[in-house]
Amino acid sequence: QVHLVESGGGLVQPGGSLTLSCAASGRLRTIDSMGWYRQAPGNQRVLVASIIMRGGVNYVDSVKGRFTISISNDRSTMSLQMGSLRPEDTAVYYCNAKTSWGPVEAPSSSTVWGQGTQVTVSS
């Protein structure tokens, strides 16, 4: 099992910066990928940025050049560094992990979510 806890959300003015953190615990070796999602009121939860353990980073077009995702070597901490924030970045941000384990001929998998942290960009 993997457990995720987000922190770092808050109120920031447009153009400001904020860094979110996701603390992961449990069976970290089972993590295949991790990512940050966000959900604004009345909207669907969408992927913002993701990192694949075997290599690779992805960003939604609207945050490219402004956000940076990173993960510690032991996979215990994932961060989202956000800069040049805009009001449309306002949302609840969720940490996500996709895991897999067991033999290759009979694998098991799961998707794990954190509780979410509110980010509000407003003047």
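It should be emphasised that the depicted structure is a prediction, and the values quoted were computed from it without experimental measurement.

Quick question: what am I supposed to make of the overall build of the protein chain here?
Within the protein chain, the regular secondary structure consists of zero helices and eleven strands. Secondary structure elements in the protein chain, listed N-terminal to C-terminal, are β-β-β-β-β-β-β-β-β-β-β. The C-alpha radius of gyration computed for the protein chain amounts to 15 Å, which stays within 12% of the reference 14 Å derived for 123 residues, consistent with globular compactness. When its C-alpha atoms are laid out on the principal axes, the protein chain stretches across 55 × 25 × 20 Å.

Sorry, what's going on with the packing of aromatic side chains here?
Two aromatic rings, taken as a pair, are described by how far apart their centres are and by the angle between their planes. Overall, the coordinates contain two aromatic pairs when judged by the stated rule. Consider the rings of Tyr 37 and Trp 113, whose centres lie 4.9 Å apart with planes at 70°: the pair is edge-to-face. With a gap of 76 residues between them, Tyr 37 in strand E4 (residues 31-39) and Trp 113 in strand E10 (residues 108-113) connect regions that are remote in the sequence. Consider the rings of Tyr 94 and Trp 113, whose centres lie 6.4 Å apart with planes at 90°: the pair is edge-to-face. Note that Tyr 94 is positioned in strand E9 (residues 91-101) and Trp 113 in strand E10, a separation of 19 residues in sequence. Judged by its relative accessible area of 13%, Tyr 94 falls in the buried class. Judged by its relative accessible area of 35%, Trp 113 is partly exposed. Over the aromatic face of Tyr 94 sits the side chain of Arg 45, whose NZ or CZ is 3.6 Å from the ring centroid.

Conventions and cut-offs
- Residues numbered from 1 in each chain as written.
- Predicted model: local features only at pLDDT ≥ 70, side-chain atom pairs only at ≥ 80, totals over all residues.
- Heavy atoms only, no water.
- Helix = DSSP H or I, 4+ residues; strand = E, 2+ residues; numbered from the N terminus.
- Rg over C-alpha atoms; globule rule 2.2 N^0.38 Å.
- Phe/Tyr/Trp six-rings, centres within 6.5 Å; stacked < 30°, edge-to-face > 60°.
- Buried < 20%, exposed > 50% of the residue type's maximum accessible area, 1.4 Å probe, protein only.
- Lys NZ or Arg CZ within 6 Å of the ring centre and 35° of its normal.

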